[in-house]
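A structural walkthrough
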Amino acid sequence: MPQTILTLSTRGQGLYEFTGQAEAFVSSSGQAEGLLTVFVRHTSCSLLIQENADPDVKTDLLSFFGRLVPPASDASMGWVIHRDEGPDDMPAHIKSALTQVSIGIPVSSGRLTLGTWQGLYLFEHRDRPHRREIVLHLSP
């Protein structure tokens, strides 16, 4: 079963699309049908399938999650104990817990069965740049 690890460099909080890399992996496998499992090997970022046509969607998602889970330095987050790596540390873990670290995408006719406006994103929850590893595994 084909498998690879993608390494994405982030520049801080944001959504980083990697649909093209996932499509290229599926295409190069030569496998017509199956299930692509996408898994991120970190606890402070996550994965999303989201609209990739209008950049305002990314802006609004970042704003929403920032309001839902503000930095630990915000007065409303005074209950947070885990702050080992700064004020974005525990909020990043919470955001990751609210989203997902693994996604399954059906493959049909050698292509991901994503909708017309759907893209595959790494959702970085930390403020500083990171190198994130994403495992792609194609099952028959």
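The structure reproduced in this document is the subject of the present report.

The next point concerns the overall build of the chain. Scanning the chain from N- to C-terminus turns up three helices and eight strands. Along its sequence from the N terminus, the chain presents helices and strands in the succession β-β-α-β-β-α-α-β-β-β-β. C-alpha extents for the chain along the principal axes are approximately 50 × 30 × 20 Å. When each of the 140 residues of the chain is scored for burial, the buried share is 41%. As presented, the chain carries roughly 7400 Å² of accessible surface, and 52% of it is formed by carbon and sulfur atoms. For the chain, the distance from the average position of its 11 positive side-chain charges to the average position of its 15 negative side-chain charges is 4 Å.

Here the focus is a nonpolar patch on the surface. A cluster of nonpolar side chains, contributed by Phe64, Leu68 and Leu98, occupies part of the molecular surface with about 300 Å² of accessible area. With respect to the element layout, leucine 68 can be found in helix α2 (residues 55-68). Given a relative accessible area of 44%, leucine 68 falls into the partly exposed group.

To continue, consider the pattern of salt bridges. All told, the structure shown has five salt bridges when counted by the stated rule. A salt bridge links glutamate 85 to arginine 126, with the shortest nitrogen-to-oxygen separation between them at 3.2 Å. Here glutamate 85 is found in the loop between α2 and α3 (89-98), whereas its partner arginine 126 is found in the loop between β7 (118-124) and β8 (131-139), with 41 residues between them in sequence. Note on glutamate 85: relative accessible area 47%, which makes it partly exposed. Overall, the relative accessible area of 2% leaves arginine 126 in the buried class. For arginine 126, the salt bridge goes to aspartate 89, with nearest N and O atoms at 3.8 Å. Taken together, the residues span a long stretch of sequence, with arginine 126 in the loop between β7 and β8 and aspartate 89 in helix α3 at a distance of 37 residues. Of the two residues, arginine 126 and aspartate 89, both sit in the buried class. Here the salt bridges do not stand alone but share partners, grouping Glu85, Asp88, Asp89 and Arg126 into one network.

A few words on the nonpolar core. Formed by 22 residues in total, the largest nonpolar core has its most connected members in Phe18, Leu36, Val38, Leu122, Ile134 and Leu136. Of all the secondary structure elements, the ones that give two or more residues to this core are β1 (3-9), α1 (19-29), β3 (34-40), β4 (45-51), β5 (102-108), β7 and β8. Not counting the four nearest positions on each side in its chain, isoleucine 134 is found in contact with Thr4, Ile5, Leu6, Leu8, Phe18, Val38, Phe39, Val40, Leu47 and Leu122. Core analysis: the second largest hydrophobic core is formed by seven residues, Leu15, Leu48, Leu61 and Phe65 among them.

Of the positions making up α1, those classed as buried are Thr19, Ala22, Phe25 and Val26. When α1 is viewed along its axis, its buried side chains cluster within an angular range of 130 degrees and face the same direction. Within α1, the exposed residues directed more than 90 degrees away from the buried face are Ser27 and Ser28. Phi for glycine 30, located one or two positions after α1, is positive at around 75 degrees.

What counts and how
Residues numbered from 1 in each chain as written. Predicted model: local features only at pLDDT ≥ 70, side-chain atom pairs only at ≥ 80, totals over all residues. Heavy atoms only, no water. Helix = DSSP H or I, 4+ residues; strand = E, 2+ residues; numbered from the N terminus. Buried < 20%, exposed > 50% of the residue type's maximum accessible area, 1.4 Å probe, protein only. Areas by Shrake-Rupley, 256 points an atom, 1.4 Å probe, with all protein chains shown as cover. Lys, Arg positive; Asp, Glu negative; His and termini not counted. Charge placed at Lys NZ, Arg CZ, Asp CG, Glu CD. Patch = residues over 30% accessible without salt bridge, like charges linked within 9 Å, V, L, I, M, F, W, Y side chains within 5 Å. Salt bridge = Lys/Arg side-chain N within 4 Å of Asp/Glu carboxyl O. Core = buried A, V, L, I, M, F, W, Y, C linked by side-chain atoms within 4.5 Å. Contact = heavy atoms within 4.5 Å. Arc of directions from axis to C-beta.

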